[in-house]
Amino acid sequence: MATSVENRQFLHEPGLSATVVIRSYSPNHQRVARREATTRKKVVVDTYDRGTSEDEEEEFDYSNAIKKSNSELESSVFDTRDAGTADQWIQRNPSMVRLTGKHPFNSEPPLTKLMQHGFITPAALHYVRNHGSVPNATWENWTVEICGLVKRPARFTMSQLVTEFPVREFPVTLVCAGNRRKEQNLTKQTIGFNWGAGGVSTSVWKGVPLVHILKRCGIYSRKKGAMKVCFEGAEDLPGGGGSKYGTSITVEVAMDPARDIILAYMQNGEKLLPDHGFPVRMIIPGFIGGRMVKWVKRIIVTMSESESYYHYKDNRVLPSHVEAELANSEGNVIR
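Positions within a chain are numbered from 1, following the residues in the order the chain's sequence is written. Since the coordinates come from a predicted model, pLDDT governs what is reported: local features require at least 70, and pairs of side-chain atoms require 80 or more to be given and counted, while whole-chain, interface and lining totals use all residues. Side-chain measures were taken over the full set of non-hydrogen atoms in the model, leaving aside hydrogen atoms and water.

### Remarks on the overall build of the chain
Here is step 1: Going along the chain from the N terminus, every DSSP run of H or I of four or more residues is numbered as a helix, and every run of E of two or more is numbered as a strand. Regarding its fold elements, the chain presents 9 helices and 17 strands.
Here is step 2: Here, two residues are considered to be in contact whenever any of their heavy atoms come within 4.5 Å of each other. Counted over contacts in the chain with a minimum sequence separation of 6, partners at least 24 positions apart contribute 69%.
Here is step 3: Of the roughly 16600 Å² of accessible surface on the chain, 51% is carried by carbon and sulfur atoms. Method for areas: the Shrake-Rupley scheme with a 1.4 Å probe, in which residue coverage is limited to the protein chains shown.

Given below as C-alpha cells:
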C-alpha cells in the first residue's frame, strides 16, 4: 500500500530529482470525502473525467531520504551463480538471499539489511519476484501499446511517456503475497517456495498516471463493454503451455485518480533496474506485488479479466480446506 508520510520532512539534495506530490486534507475531511465520493462515483462510471485541484496538493522532497538509504550500500556485481543463464548480463547485490536456486531470480534482502537502510529501500535491495528470464530491453526501442476497447489505440515510446504526460512521484510499499510463507510451510506445506519476512520493500516511484494515458486513448464506457484493464509484460514464460505474464484490474479502479496508479519508469530517483521492470512497469498502490506487471508492453481494455495463466490460475488464494493436491488437480495454484 502507499506509505503515509505526513509527518516526515526531508530537505532537498542537489543531483537527485525526487519531488513527490501527495494530497492533503482539511479538518472537514470526512464530510468533504463523502461528497467527493458521491461525485467520483458518477464521474468515473459516466465520463472518467475527475481531476485533482492544485489547491489540494502539497510537495514533499525525498532526495535526502534516498541519499541516506543508499549510504553504505555495497556495489552490485556479476554473480557467478548467474553464469550460463539468460540473466548473466545483470549485476545484482551479493547480499540478496536467493529463494529458488540459480534461476529464475527470486530473492529478498536479509532483514538486518532491510532495517539498516531505513524507510526507503535501496533499489538493489528491493525484493525480486521473477517468473523467468529478464528482458534485455533498451529505452530507445521500447513501446507501450494501448488497445482493446478504446477509441484511439496508440503505441507510446518512452520519450513520449516522459514528455507528453503529467508526472507523479511518491513512496509505495510493495509486498509479495508469499511474504513469510516459510513460516506457513512449517505449519502446513503449500505449493509455493519459502519466502522469509523480507518480501516487502519501500521505494519512491516516478511515472505517468494511468488515468491520463487511458483518457488520451478515449476509453469506452461500461455500457460498450469496457469492464477491465489488462496489463501484459514482455517476457515469454512457460505457464499454461507458453504465455506472457499478465493481470487485470477493474475499469473503476484504473480510472480513479485517487488510486495513484502509474506506469513507473524511475525508482529512487534513477531509471529502473532490470530486475524491477526496466524500462517501465506498473505501480498499483494497495494491491499485491503480483498485480504490478514489470516490463509492461500492452495495456488492453476488455470486457473480462485477464486470461493470462499467471492471473487466472497461478496467483490464487484458496480456502484453507483446499490441499495442494486438490489445487493441482483442479488447475488452481498459488506461487
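Structure's up, so let's keep going.
### Concerning the sheet that holds strand β12 (residues 228-237)
Here is step 1: By definition, two strands form a pair when at least two bridges between them are found by DSSP. Strand order in the open sheet formed by 5 strands is β9-β8-β17-β12-β13, with mixed pairing between adjacent strands. The sheet is open, and its two borders are formed by β9 (154-157) and β13 (243-250), each paired with just one other strand. Going across the sheet, the axis of each strand differs from the next one's by a mean of 20°, ignoring polarity.
Here is step 2: Where strand β8 (residues 143-148) meets strand β17 (residues 296-302), 4 bridges bridge the pair, whose relative direction is parallel. From the neighbouring strand, C147 faces β17, where its bridge partner is I300.
Here is step 3: Axis lines are fitted through C-alpha atoms, for helices just across the contact stretch, and the angle between N-to-C directions can take any value from 0 to 180 degrees. Its contacts with the sheet place helix α6 (residues 210-217) against β8, β9, β12 and β17, and it is angled at close to 135° to β9.

### A few points about the side chain of E235
Here is step 1: Along the chain, E235 falls in strand β12.
Here is step 2: We call a residue buried when its accessible area falls under 20% of the maximum for its residue type, exposed when it is over 50%, and partly exposed in between, using a 1.4 Å probe and counting protein chains only. Residues scored as positive are Lys and Arg, those scored as negative are Asp and Glu, and His as well as the terminal groups of each chain are ignored. Salt bridges are identified by distance alone: a Lys or Arg side-chain nitrogen within 4 Å of an Asp or Glu carboxyl oxygen. Buried and unpaired, E235 has no salt bridge, with K244 as the nearest side chain of opposite charge at 7.0 Å.

### Things to note about the nonpolar core
Here is step 1: Grouped together as the largest cluster of nonpolar side chains are 56 residues, with contacts concentrated most on L214 and I299.
Here is step 2: Leave out the neighbours within four places in its chain, and I299 touches V144, E145, I146, C147, L210, L214, V229, C230, F231 and L263.
Here is step 3: Residues belong to a common nonpolar core when they are buried Ala, Val, Leu, Ile, Met, Phe, Trp, Tyr or Cys residues joined through side-chain atoms within 4.5 Å. Core analysis: the next-biggest nonpolar cluster, separate from the first, contains 6 residues, F60, Y62, A65 and I66 among them.

### Side note on the pairing of strand β11 (residues 200-209)
Here is step 1: Within β11, 9 of the 10 residues are buried, which leaves it mostly tucked inside the rest of the structure.
Here is step 2: Sheet topology note: the strand β10 (residues 168-175)/β11 ladder contains 8 bridges and is antiparallel. Counted as the bridge partner of V172 is S203 from β11.
Here is step 3: Looking at chain direction, β11 and strand β14 (residues 262-267) are connected through 5 bridges and run antiparallel. In the strand pairing of β14, P209 is matched with I262.

### Considering the sheet that holds strand β5 (residues 97-98)
Here is step 1: One open sheet holds the 3 strands; their spatial order is β5-β6-β7, and the pairing between them is antiparallel. Of all the strands in the sheet, the pair left with one neighbour each is β5 and β7 (128-129).
Here is step 2: Relative to β7, strand β6 (residues 106-108) is paired through 2 bridges, and the arrangement is antiparallel. Across the sheet, the residue bridging to S107 is V128, located in β7.

### A look at α6
Here is step 1: The complete set of buried residues in α6 reads L210, V211, I213, L214 and C217. In a view along the axis of α6, the buried residues occupy a sector of 160°, so they form one face of it. It is the directions from the helix axis to the C-beta atoms whose arc is reported.

### Regarding the confidence of the model for the chain
Here is step 1: Counting all residues, the mean pLDDT for the chain is 82, and 76% of those residues have values of 70 or more.
Here is step 2: A low-confidence stretch, residues 1-47 (pLDDT under 50), is modelled with 87 contacts involving residues beyond four sequence positions or located in other chains.
Here is step 3: Taken together, the stretch residues 49-56 has pLDDT below 50 and engages in 16 contacts with residues farther than four places along the chain or on a different chain. Per-residue confidence from the predictor is reported as pLDDT, a score between 0 and 100.

### Observations concerning the packing of aromatic side chains
Aromatic rings considered in pairs are described by the distance between their centres and by the relative angle of their planes.
Here is step 1: Stacked, edge-to-face and tilted are the three classes for Phe, Tyr and Trp ring pairs, Trp counted by its six-membered ring, which pair at centre distances within 6.5 Å; planes under 30 degrees apart are stacked, over 60 edge-to-face, the rest tilted. According to the stated counting rule, one finds 5 aromatic pairs in the structure shown.
Here is step 2: Seen from their ring centres, W139 and Y265 are 6.3 Å apart, and the 85° between their planes marks the pair as edge-to-face. One end of the pair, W139, is in the loop between β7 and β8; the other, Y265, is in strand β14, and 126 residues separate them in sequence.
Here is step 3: By relative accessible area, which is 3% here, Y265 ends up buried.
Here is step 4: Between F156 and F165 the ring centres are 5.3 Å apart and the planes differ by 85°, which places this aromatic pair in the edge-to-face class. Comparing F156 with F165, the two get one shared label, buried.
Here is step 5: Put simply, the rings of Y127, F193 and W195 pair up and form one aromatic cluster.

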